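Secondary and tertiary structure notes
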Amino acid sequence: MPQKQDILDRLRSSIVTGDEEAAKLTTREAIDNSVDPVEIVEEALIPGIAEVGGKFERMEAYLTDMMMAANAMKAGMNIALAKIPREKIRRRGTVVLGTVKGDIHEIGKNILSALLTAAGVDVHDVGCDVPASVFAEKAEEVGAIIIGASALMTTTLPGQKDIADYLNSTGRRDKYSLLVGGGPTTEQWAKEIGADGYAETATDGVKLALRQLEEKGSGPFER
Amino acid sequence: MITYLDVIKAIHTGRICSERDFDLRVFAPKLKEVLKAREIEYDPENPVPDDDALADDLWSAAMDFYCDVGTYCLDTERIVKFDENDITQTLKTAPRQFTFGEEKQRKVLIQRRPEDIAPPWCFLGAGGAAVSSEENLLRLVQGYASIPVIDSLTSPALTTVEGTRIVGGSPLEIYGAIRAIGLARQALSRAGKPGLPIMNCISTASSAIATIAASQPQFGLRPSDGWLCGTLAEMKVDYGVLSKGAYLLSWGANVCSETAPVLGGYAGGPEGTALVNAAYNILGTVIQKASYQLSFPIHSNFQSNTARNTLWAISLSGQGIARNASLPVFMLGYLASGPMTEMVLYETAAWVIAAVASGTHIEAEGVCKATHVDHFTPMEPGFAAEVAYAATGIKRDFANELVKTLLSKYEDKIKDAPTGKKFEECYDMTTGKPSEDYVRLYSKIRKELEDLGLKFKY
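None of the values given here were measured: they were computed from a predicted structure. (Residues numbered from 1 in each chain as written. Chains lettered and ligands numbered in written order. Predicted model: local features only at pLDDT ≥ 70, side-chain atom pairs only at ≥ 80, totals over all residues.)

1. What to know about the overall build of chain B
Operational definition: Secondary structure elements follow DSSP: runs of H or I no shorter than four residues count as helices, runs of E no shorter than two count as strands, and numbering proceeds from the N terminus. The quantity called the radius of gyration is restricted to C-alpha atoms. Its globule counterpart is 2.2 Å times the number of residues to the power 0.38. A residue is called partly exposed when the number of other C-beta atoms within 10 Å of its own lies between 12 and 20, exposed at 12 or fewer, and buried at 20 or more, with C-beta atoms placed from the backbone.
Along chain B, the regular secondary structure elements total 15 helices and 21 strands. Taking 23 Å as the expected radius of gyration for a compact globule of 458 residues, we find that chain B reaches 21 Å, a close match to that expectation. Taken along its principal axes, the extent of the C-alpha atoms in chain B is 60 × 50 × 40 Å. Buried positions account for 61% of the 458 residues belonging to chain B.

2. Comments concerning helix α4 (residues 63–81) of chain A
Applicable threshold: Take the number of residues in a helix, subtract one, and multiply by 1.5 Å to get its expected span.
The end-to-end C-alpha separation of α4 of chain A is 26 Å, in line with the 27 Å expected for 19 residues at 1.5 Å each. A large share of α4 of chain A lies buried, amounting to 15 of its 19 residues.

3. A word on the pairing of strand β19 (residues 361–366) of chain B
Residue and element names in this part refer to chain B. Just so we agree on the cut-off: Think of it this way: DSSP has to see at least two bridges between two strands before they count as a pair. When the strands point away from the viewer and the connection leading from the first strand across the helix to the second strand turns clockwise, the crossover is called right-handed.
Of all six residues in β19, six are buried; the element is thus mostly enclosed. Taken together, the three bridges between strand β6 (residues 122–125) and β19 define a ladder with parallel strand orientation. By the bridge assignment, Cys-122 is partnered in β19 with Ile-362. Relative to β19, strand β18 (residues 329–334) runs parallel, the two sharing four bridges. By the bridge assignment, Leu-332 is partnered in β19 with Glu-363. Following the chain from β18 across helix α11 (residues 342–358) to the adjacent parallel β19, one finds a crossover that is right-handed.

4. Examining the interface of chain A and chain B
The condition is simple: What counts as a contact is two residues whose backbone-derived C-beta atoms lie within 7 Å of each other.
On the side of chain B, 27 residues touch chain A, which itself brings 22 residues to the contact. The set of elements that each furnish at least two residues to the side of chain A that touches chain B consists of α4, α5 (107–118) and α9 (202–215) of chain A. Ranked by residues supplied to the side of chain A that touches chain B, first place goes to α4 of chain A with four residues.

5. A few points about the environment of Glu-106 of chain A
Residues and elements named next belong to chain A. With respect to the helices, strands and loops of the structure, Glu-106 is situated in the loop between β1 (94–99) and α5. According to the C-beta neighbour criterion, Glu-106 is buried, with 24 such atoms within 10 Å. Once residues lying within four places of it in the same chain are set aside, the contact partners of Glu-106 are Thr-99 and Cys-128.

6. Re the sheet that holds strand β3 (residues 78–80) of chain B
The strand order across the open sheet formed by four strands is β1-β3-β2-β13 (chain B), and the pairing between neighbours is mixed. Sheet topology places β1 (15–16) and β13 (236–237) of chain B at the edges, where each strand pairs with a single neighbour.

7. A look at the sheet that holds strand β4 (residues 177–181) of chain A
Residues and elements named next belong to chain A. Here is the rule we go by: A fitted line through C-alpha atoms serves as each axis, taken over the contacting stretch for helices, and the angle formed by two N-to-C directions is quoted from 0 to 180°.
The strand order across the open sheet formed by five strands is β2-β1-β3-β4-β5, and the pairing between neighbours is parallel. Edge positions in the sheet fall to β2 (122–125) and β5 (197–199), since each of these pairs with one other strand and no more. Each neighbouring strand pair of the sheet contributes to a mean axis angle of 25°, computed without reference to strand direction. Along the sheet, helix α6 (residues 132–142) contacts β1, β2 and β3 (146–150); its crossing angle with β1, the most-contacted strand, is approximately 160°.

8. Some remarks on the nonpolar core
Heads up, the rule is: In this usage, the nonpolar core is the set of buried Ala, Val, Leu, Ile, Met, Phe, Trp, Tyr and Cys residues whose C-beta atoms join them within 7 Å. An automatic or database domain assignment is the source of the domain bounds shown.
Counting residues in hydrophobic clusters, the biggest one holds 236 residues, and the most contacted among them are Met-66 of chain A together with Leu-275, Ala-279, Val-352, Ile-353, Ala-354 and Ile-362 of chain B. When we break this core down by domain, the ones giving at least three residues each are domain 1 (4–88) and domain 2 (94–215) of chain A. Among all residues touching Met-66 of chain A, those that are not within four sequence positions of it are Val-52, Phe-56, Ala-61, Ala-114, Leu-115 and Ala-118 of chain A.

9. Brief notes about the domain arrangement of chain A
Note on interface size: it is often stated as the accessible area lost on association of the parts. Residue and element names in this part refer to chain A. The assigned domain composition of chain A is domain 1 (4–88) and domain 2 (94–215). Each of domain 1 and domain 2 has a C-alpha centre, and the two are 27 Å apart. Between domain 1 and domain 2, the residue contacts involve 11 residues of the former and nine residues of the latter. Put simply, the parts of the chain that give the side of domain 1 that touches domain 2 at least two residues each are α3 (37–57) and α4.

10. Let's talk about the packing of helix α4 (residues 84–93) of chain B against helix α9 (residues 270–286) of chain B
Residue and element names in this part refer to chain B. Convention followed: The cut-offs work like this: below 35 degrees is roughly parallel, past 145 is roughly antiparallel, 65 to 115 is roughly perpendicular, and the gaps in between are oblique. Just so you know the grouping, Ala, Val, Leu, Ile, Met, Phe, Trp, Tyr, Cys and Pro go in nonpolar, Asp, Glu, Lys and Arg go in charged, and all remaining residues, Gly too, go in polar.
The interhelical angle for the contact between α4 and α9, taken along N-to-C directions, is 80°, at an axis separation of 10 Å. Our classification of the angle between α4 and α9 gives roughly perpendicular. Residues Ile-87, Thr-90 and Leu-91 of α4 pack against Ile-282, Thr-285 and Val-286 of α9. When the residues that make up the contact of α4 with α9 are grouped by side-chain class, the tally is four nonpolar, two polar and no charged.

11. Remarks on the environment of Leu-25 of chain A
All names here are of chain A. Looking at where Leu-25 falls in the secondary structure, it is placed in helix α2 (residues 20–32). A residue is classified by how many C-beta atoms lie within 10 Å of it, and Leu-25, with 17 of them, is partly exposed. Separated by 181 residues in the primary sequence, Leu-25 and Val-206 place their C-alpha atoms 30 Å from one another.

See below:
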């Protein structure tokens, strides 16, 4: 039987290289060899994605590396989490992300999505050119704490205000943190529309989201 | 030869593929493969490389990459690919000169070469940055048109119509686009240059419907202006951009292939960004039938392109395109800092010198990342034009030394760059003249560049 540490090392490596198939096989191998699923998550899957996240911040890895690592981690996570009792599973919280109505730019949003996933956040990406109601209803459906709305053009900025207005008009504004970002977005604009925060870059967006999740009492990732 | 109709047919017949699979299983592995095979590596010591073989290798790698990867259509979820021979023939037989503007401002655009003694086309203005009011748009455009060597205008984008905020895709966008065009033409006439082409049509219109609606000649635009048709990151198009193309090409208008590879995004590092930028030039000719490529490689962390690695990508891809392609390329600088700061002039000088010595034309420029409303003035593109003429004909090794000196003055400040002052704080709004403080600062930085050996022509 392979050594437990050897399996965990190989699993972590499969996340770093973004090898989804290897991540699935090695997670199953770990479970077949009676490795505690919580250990699989905490000693291999999370450190693997964290390593890629660190490289991304230092610009030693890029978006596709992050996305492939995130896919590999999700594949392993799905297998491992199925073996962990529900009460022992805690995530850092849930975020709904998307690009506002009328705007089809999504690379910044995709970078943020990959980085948040790497940070242990449950991310629901609603895509681009998305109306305000879809952000709000998705947040309701998945029990999100944060709604993140990206806009890349001056003329699509009002789509961020539409989300604030929609939440206000349906009496749900206090339920979520509304964070905004994207090229023409500024702190002043965020204040003007009553958003809870603004981030200039995806890296800043992760820090802001994690801070908001802590404030909302989601707590750190732990068993 | 591949026609536009061939392209339109191919978006419905190409191989079907999810966007995610295109990004992760088609685009990313091929990019890594060609970069490795051609041994193209970023050299931070030389932000303006001086190696023709490297530039040609990048172009060959871009051809190899583009022929294999193709163009992804978001609406049909299909990959548009053509045979390599057809692509080569299309590139060989593509037009090599394009005419813009009317009357005295009519002019022919052709590709430059690295170290070319011909000055670059000076496409000057705001780079599509947002202006708060119709009055400011009028004053700014009049200021831009007064820059002596301006060849075409890049107009600001209007954010309001009579105080009401423009919403993309809504009827207000159509009103806004029509209003912005009318104001820009009025300002060009006031400056005595009514025939000057506007080459970022239509900055206030993000949707195809607004562009097409506002293009009607009675509103002031012409086929001899330049029409933005933006690709999406990376190597993607959609119905919107192709529909604009179908209309504009039928009208005989100059289509602009607008491309912005993201450093840190799907294109990866500086090497990938340079390669993808060169591949976009091929896409511009083969898919879009464009008259020019407007390129602004952008740094994902800084939202600007004056950092060392983005300048390298601009320079190398510019050289590769200028030496090998017929589709003229413009580089558009996005600056981290704002007006009336030393940094804004250092950044301007750095990217303009890198671009001009590398053989590209210039669009100057997106000041303060083009994200802060009214944070731009005619002084910055005016300075860019003076530097561009001064840098015309200089050798790349000299450009490299200049750029390195300039980088040392600002590169550690990019992350937290000063936003500077607004237009109305930098200019006398009655006379349309810059403040004495800004003129003094401008003269000081120009003198520094002269002391570094740059010889200003005017």
